[in-house]
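A structural walkthrough
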Amino acid sequence: MKKIILYLFLGAYLSVSAQSKEERANAYFADFKFDKAIELYSDLVTEKKRPSLEVIQHLADSYFNMNRYQEAVKWYEKLYLIKGKNVGESNIIKLVQSLKASMKIEKADQLLRDFYTDENRLNIMLLQKKQLDSTLAEKEKYETTNLAFNSRKSDFGPMFFNDGLIFASARDTIKSNGELYPWNKQAYLDLYITRPDDASYIPEKYLENLESSYHDATLTFSWDGQTVYFTRNYLKKKNKLSANEDGLSNMQILRGTIRNNELVNVTSLSFNSKDYSCGHPALSPDGRHLYFTSNMPGGFGETDIYVVDLNNDGDVLSDPMNLGLAINTRGREMFPFVSNEVLYFSSDSHYGLGGLDIFGSVISSKTEYSLPLNMGKPLNSNMDDFSFIRADKKGNGYFASNRSGGKGDDDIYRFEKVKPVDCLEYSGYVMNKQTGEPIGNANVELKNAADELVSVHRTDELGYYNVVLPCNKKNTLVFSKAGFSKEIIVIETGENPEAPSKDNKVYLTPFDSLVEKDGDVEKIKVDPIYFEYDKFDITVRAEIELEKVLFAMTKFPEIKIKIESHTDARGTDDYNLELSDNRAKSTRRYLISKGIDADRIESAHGYGEYRLKNECANGVKCSAEKHLENRRSNFIIVSRQSNEIRNSKK
């Protein structure tokens, strides 16, 4: 509703009968018809070489009130150029907001530093700026959605009610005998109820007997939903505006009881007055305190936030207490909301992004509040962001904004916490298993549950790696380097971020440490495979050596081998040939049973005593040790398909 519902007062439509152009412009300005005032003031500044300060002031304010910030900047800067620091804090606040809305952030920040000589006030703003800069550097915590029920008119002031949402709107309803609100030429506000999760649900009027011919807006409920506090113009009988001496119909907070879906026992709260406005009521969760916005005398700025105590029946027990300079400024503070001991409100004078921004302040006591901190993007923008509410349990909620890209004047947005994408920072070192030295430039591949490559990282010269793992996934980390084994680690993450997992050491085995050369032949390095005399079953001692073969073939899945088994010369040639062949094939069956693919074993043959390594042939007397040299199994590497291994050997 432009600024009017935020300022909380209503014009009484002054007669434009003045003779001079300036007087007519002033009359339009006083009657909140800023579009018409701009036309006349623009003519005046064109016609006069030195227009009066009042004309410049009113032209700047008119543009500001119409959200035409780029034009407002020109005239507030002119005032500042003429009057310097005597221009007043209110004009500085509006100039700063207009500059930020025009995306001239650095210029706005410099203006604040130049204007504020009060170190305390400047230090507070610099602290808020530091916090906001830090927040903006982080990933956004929320996702925002413009809701389907928004209209082309003004929609704002959401409030939870059972499983629905109540909000204020100027949508397509002509009230007060067809009169429109002069500030924005929209209908007066009504309260509607909707189901925000049902895009097909058409909002309906909330409590037909609550409606007046003028503004009915911004409400709050007691914990049981039976008592409602809401904002309305002062009215005479027959639904006519009741104006004060200045011709203004201010706003008041009313309390009523809901019975059988009707509003009964409506009363005005004791602190209301026709001489000032009160509105935007918000109950504390325990129902003992009522926060609200007012421009009553004695405040610090244009509108301040106040609080009163309530008894169990909802009656006011105390005079309104201004929340003080920790919360209120020379500008506008409004739309309070309390959740989990935090006061949320909107302000255009605490350090922000432009226009009204949403802030949060921890409530230490009724009189003590922490430094208000900006909620950052995307809740705040360079325009007006206000009427923030959130659910206690989930932390999600709603707010209103007139930011770019909306459907109407003001729109209601839902905000939800962004589901974390990254859940675990996993880091450590890749080391040489044989030497313990770091392995630099090693590959660290991150794969998903479908074995698809997600990302590739490399270790630094110290072997250090750092990988951020996504949430709620089965993550596979594959560590490798040319000439070394592959190591695979599987890590499952949950839905929420975890503390970093550091100093995880991964050891890679060098290929050269597992093989040996026998002339031109390359074979897996094993000690003799022992079989019982005259048998070919795999013994426990044989298994120990075969584990080395299994290790090599598992860590280097690209290699293929052939198995050769040999005997000594004792026994007949034919018998030894058959025995050695049985031992080779028994070894092959053992490796396959342990998970080695049969295709990776090219052959398994016995050669009996036909390839002796020494002189111990038939008829030659030799020691047992000499005969043992000839009883052997070789695991000869016939193929190394890995380019990495091949390249490492060059």
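Up top is the structure.
Bear in mind that the values here come from a model prediction, so they are computed numbers and not experimental data.

Analysis parameters
Residues numbered from 1 in each chain as written. Predicted model: local features only at pLDDT ≥ 70, side-chain atom pairs only at ≥ 80, totals over all residues. Heavy atoms only, no water. 1 Å grid on protein atoms, 1.4 Å probe; cavity = no way out; pocket = protein on both sides within 12 Å on 5 of 7 lines; lining within 4 Å. Points joined across faces, edges and corners; volume = space filled by probe spheres on them. Helix = DSSP H or I, 4+ residues; strand = E, 2+ residues; numbered from the N terminus. Nonpolar A, V, L, I, M, F, W, Y, C, P; charged D, E, K, R; others polar. Polar contact = N/O pair within 3.5 Å; in protein donor to acceptor, adjacent residues only side chain to side chain. Contact = heavy atoms within 4.5 Å. Pairing = 2+ DSSP bridges. Phe/Tyr/Trp six-rings, centres within 6.5 Å; stacked < 30°, edge-to-face > 60°. Buried < 20%, exposed > 50% of the residue type's maximum accessible area, 1.4 Å probe, protein only. Lys NZ or Arg CZ within 6 Å of the ring centre and 35° of its normal. Disulfide = S-S within 2.5 Å. Core = buried A, V, L, I, M, F, W, Y, C linked by side-chain atoms within 4.5 Å.

With that out of the way, let us pick up empty space enclosed by the protein. All chains considered together, the criterion is met by five cavities of 30 Å³ or more. Considering only enclosed or pocket space, the largest cavity measures out at about 120 Å³ in volume. Pro158, Met159, Pro281, Phe335 and Pro336 are the residues nearest the centre of the largest cavity, which is lined by 14 residues in total. If you list the elements that add at least two residues to the lining of the largest cavity, you get β3 (155-161), β7 (216-221), β11 (278-283), β15 (333-339) and β20 (385-390). Classifying every residue of the lining of the largest cavity by side-chain character gives ten nonpolar, four polar and no charged.

In this structure, Asn272 sits in the loop between β10 (262-268) and β11. At 2.8 Å, the side chain of Asn272 forms a polar contact with the backbone oxygen of Ile253. A polar contact is formed between the side chain of Asn272 and the side chain of Ser268, at a distance of 2.8 Å. Those residues in contact with Asn272, other than ones at most four positions away along the chain, are Tyr234, Gln252, Ile253 and Cys278.

Pairing within the open sheet is antiparallel, and its four strands lie in the order β11-β12-β13-β14. The sheet is open, and its two edges are formed by β11 and β14 (321-322), each paired on a single side. Alignment of strand β13 (residues 304-309) against β14, held across two bridges, turns out to be antiparallel. Bridge pairing in β14 places Tyr306 opposite Asn322.

Let us now look at the packing of aromatic side chains. Applying the stated criterion across every chain, the model contains 26 aromatic pairs. Pairing Phe399 with Tyr413 gives two aromatic rings, centres 5.5 Å apart and planes at 15°, and the pair type is stacked. Of this pair, Phe399 sits in strand β21 (residues 397-401) while Tyr413 is found in strand β22 (residues 411-417), placing the two residues 14 residues apart along the sequence. You'll find Phe399 and Tyr413 in the same group, each marked buried. Among the aromatic residues, those joined into a ring-pair cluster are Tyr142, Tyr344, Phe388, Phe399, Tyr413 and Phe415. The ring of Tyr351 has Lys100 lying over it, and the distance from NZ or CZ to the ring centre is 3.6 Å. Above the face of the Tyr607 ring, Arg611 is positioned so that its terminal group lies 3.9 Å from the ring centre.

The next subject is the state of the cysteines. Enumeration over the complete set of coordinates arrives at two disulfides. Put simply, Cys423 and Cys471 are joined by a disulfide, and their sulfur atoms are 1.8 Å apart. With the S-S dihedral at roughly 100°, the linkage between Cys423 and Cys471 falls on the right-handed side. Residue Cys423 is located in strand β23 (residues 422-432), and its partner Cys471 is located in the loop between β26 (464-470) and β27 (474-480); the two are separated by 48 residues in the primary sequence.

So, about the nonpolar core. Side chains of nonpolar character tend, in soluble globular proteins, to be buried together. Of all hydrophobic cores here, the largest spans 43 residues; its most connected members are Ile166, Tyr206, Leu219, Phe221 and Phe388. By residue number, the principal contributor to this core is strand β4 (residues 164-169), which donates four residues. Within the second largest apolar cluster, 42 residues are counted, among which are Leu59, Ala60, Ile92 and Leu112.

Quantified by volume, the largest pocket comes out at close to 610 Å³. Contributing to the lining of the largest pocket are 21 residues, with Met159, Phe160, Phe221, Ser222 and Trp223 lying nearest its centre. Among the elements that make up the lining of the largest pocket, the one with the highest residue count is β3 (three residues). The class makeup of the residues in the lining of the largest pocket is eleven nonpolar, seven polar and three charged.

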